[in-house]
Amino acid sequence: MRRTAGRLADGREIVYFDDTPDAPPRTAADTRDLPDSRPLSEVRRDPLTGEWVAMAAHRQTRTYKPPADLCPLCPSTPGRPTEVPESDYDVVVFENRFPSFAQGVPDVESTVDGMPMVARAPGRGRCEVVCFTPEHTRSFGELSPTRVRTIVEAWADRTAALARTPGVEQVFPFENRGEEIGVTLSHPHGQIYGYPFVTPRTERVLAVAGEYFAAHGRHVLGDVLAAERAAGTRVVAESEHWTAFVPAAARWPVEVHVVPHRRVVDLPALTDAEREDFAHLYPGVLGRLDALYDRPLPYIAAWHQAPVRVGRELSWLRLEVFSVLRAADKLKYLAGSESGMGVWVNDATPERIAEKLRHTHK
């Protein structure tokens, strides 16, 4: 794989990851006349929950559902420059033009005016876009193992880079797919957030992991993985280094966790063999998900990895893939119980969904 870094017209970083043997050098310049990026992100701590909330009003002007011929993530063509200056690419990553968190944000007062109990800080982090393919109508599940392996290399590269970025406390690669999820750019892509704090979900997972380790002397996800593999009831697919299963306490109507057999804290820590094995297993899992209702499944694919500075000894890398679709034509809405109180009610049993996925092929 070849890695090439450059800059866009407004100074944002762009990095190409090429696996095509005869790919030309990535030297194209961004010819657009772009204004300097001046994000105004800040974070405020909710005094009732202790959780940080990001404020990023500049994102209101971001690109919203453009037609395919105006897609900003496709390669550039004569007379139509995009976010990617090259006329072709394999995988490319660049700083988000409308980031939730960024390095150049201004300082703010330490509390909200008139509210001394509401802490306030700059939203200092980093947000990147990952384009999985130059082909506008492809999906991640249709990519070759070679291309998926390149994406894994890009995720690992950028996780390491963002972990070194000032202010970043947690790195979160993810993919949103489908309008039902809220996707506004249909080109196959994901994002990577470098948060200036450890997220509430991760804090809770680490607290539970710490309690379990103190009681049993083992990692909770390791015991969950061993039990799921032994039972087999909820296992969807497995390989030498990975197992994909529907968790026994699944929240979403469709939910699959993909977990490495070895405790790995983050993506950079994966071995070459584990990366290659994932590249063959994961597209098959996505194919099963698309075949479940015989339609492209809207989903979120979320990598959970160790924070940069805390909890690493308790962390175990995992990918969670979940969907709001509870039937071919019905959505799961996060209504009163889920949104108001954080108590989930699932309309399907994990065992039934796992059985369907095991016997579903595309």
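Scroll up a little and you will see the structure.
Residues numbered from 1 in each chain as written. Predicted model: local features only at pLDDT ≥ 70, side-chain atom pairs only at ≥ 80, totals over all residues. Heavy atoms only, no water.

Chemist: Would you take a moment to explain the overall build of the chain for this structure?
Modeler: Of regular secondary structure, the chain possesses 6 helices and 17 strands. Here the C-alpha radius of gyration of the chain, 21 Å, is about what a compact globule of 362 residues would show, namely 21 Å. Taken along its principal axes, the extent of the C-alpha atoms in the chain is 60 × 60 × 40 Å. Here the chain holds 362 residues, and the buried ones make up 51% of them. Contacts in the chain between residues far apart in sequence, at least 24 positions, make up 67% of those at least 6 positions apart. In the structure as shown, the chain presents an accessible area of about 16,900 Å², 53% of it carried by carbon and sulfur atoms. Taking the average location of the 44 positive side-chain charges in the chain and that of its 50 negative ones, the two points are 2 Å from each other. (Helix = DSSP H or I, 4+ residues; strand = E, 2+ residues; numbered from the N terminus. Rg over C-alpha atoms; globule rule 2.2 N^0.38 Å. Buried < 20%, exposed > 50% of the residue type's maximum accessible area, 1.4 Å probe, protein only. Contact = heavy atoms within 4.5 Å. Areas by Shrake-Rupley, 256 points an atom, 1.4 Å probe, with all protein chains shown as cover. Lys, Arg positive; Asp, Glu negative; His and termini not counted. Charge placed at Lys NZ, Arg CZ, Asp CG, Glu CD.)

Chemist: Mind showing me how you'd approach unusual backbone geometry here?
Modeler: Across residues other than glycine, the phi torsion is negative in most instances, and most of the peptide bonds are trans. Positive phi, normally seen in glycine, also occurs at Asp294, with a value near 55°. Structurally, Asp294 can be placed in the loop between helix H4 (272-292) and strand S14 (299-304).

Chemist: How should the sheet that holds strand S15 (residues 318-323) be read in this particular structure?
Modeler: Whenever strands of a sheet pair, they do so through backbone hydrogen bonds, lying parallel or antiparallel. Strands sit in the order S1-S2-S5-S8-S10-S9-S14-S15-S13-S12-S11 across an open sheet of 11 strands; the sheet is antiparallel. Because the sheet does not close on itself, it has two edges, and the strands there are strand S1 (2-7) and strand S11 (235-238). For this sheet the average axis-to-axis angle between neighbouring strands, irrespective of direction, equals 20°. Lying over the sheet, helix H3 (residues 220-231) contacts S11, strand S12 (242-245), strand S13 (254-260) and S15, oriented at roughly 75° with respect to S12. (Pairing = 2+ DSSP bridges. Axes fitted to C-alpha atoms, helices over the stretch in contact; angles between N-to-C directions.)

Chemist: Help me understand the packing of H4 against helix H6 (residues 350-358), please; the structure alone is not making it clear to me.
Modeler: Relative orientation and spacing of two packed helices are given, respectively, by the angle between their axes and the distance between those axes. Running from N to C, H4 and H6 point in directions that differ by 105°, and their axes come no closer than 9 Å. Relative to H6, the element H4 is oriented roughly perpendicular. Touching Arg288, Leu289 and Leu292 of H4 are Lys356, Leu357 and Arg358, all from H6. For the contact of H4 with H6, a count of residues per class yields 3 nonpolar, no polar and 3 charged. (Parallel < 35°, antiparallel > 145°, perpendicular 65-115°, else oblique. Nonpolar A, V, L, I, M, F, W, Y, C, P; charged D, E, K, R; others polar.)

Chemist: Quick question: what am I supposed to make of the side chain of Arg288 here?
Modeler: Within the element layout of this structure, Arg288 appears in helix H4. Here Arg288 occupies a buried position and makes no salt bridge, while the nearest side chain of opposite charge, Glu238, is found at 10 Å. Reaching out from Arg288, the side chain makes a polar contact with the backbone oxygen of Thr360 at a distance of 3.2 Å. (Salt bridge = Lys/Arg side-chain N within 4 Å of Asp/Glu carboxyl O. Polar contact = N/O pair within 3.5 Å; in protein donor to acceptor, adjacent residues only side chain to side chain.)

Chemist: I'm lost on the pairing of strand S10 (residues 189-195) in this one. Help?
Modeler: A regular strand carries its side chains on alternate faces of the sheet. Burial within S10 is extensive, with 7 of its 7 residues counted as buried. Going residue by residue along S10, you find His189, Gln191, Tyr193 and Tyr195 tucked away on one face and Gly190, Ile192 and Gly194 tucked away on the opposite face as well. Relative to S10, strand S8 (residues 126-131) runs antiparallel, the two sharing 6 bridges. Opposite Val129, over in S10, you have Gln191 as the bridge partner. One ladder, built from 5 bridges, connects strand S9 (residues 170-177) with S10; its direction is antiparallel. Across the sheet, the residue bridging to Pro173 is Ile192, located in S10.

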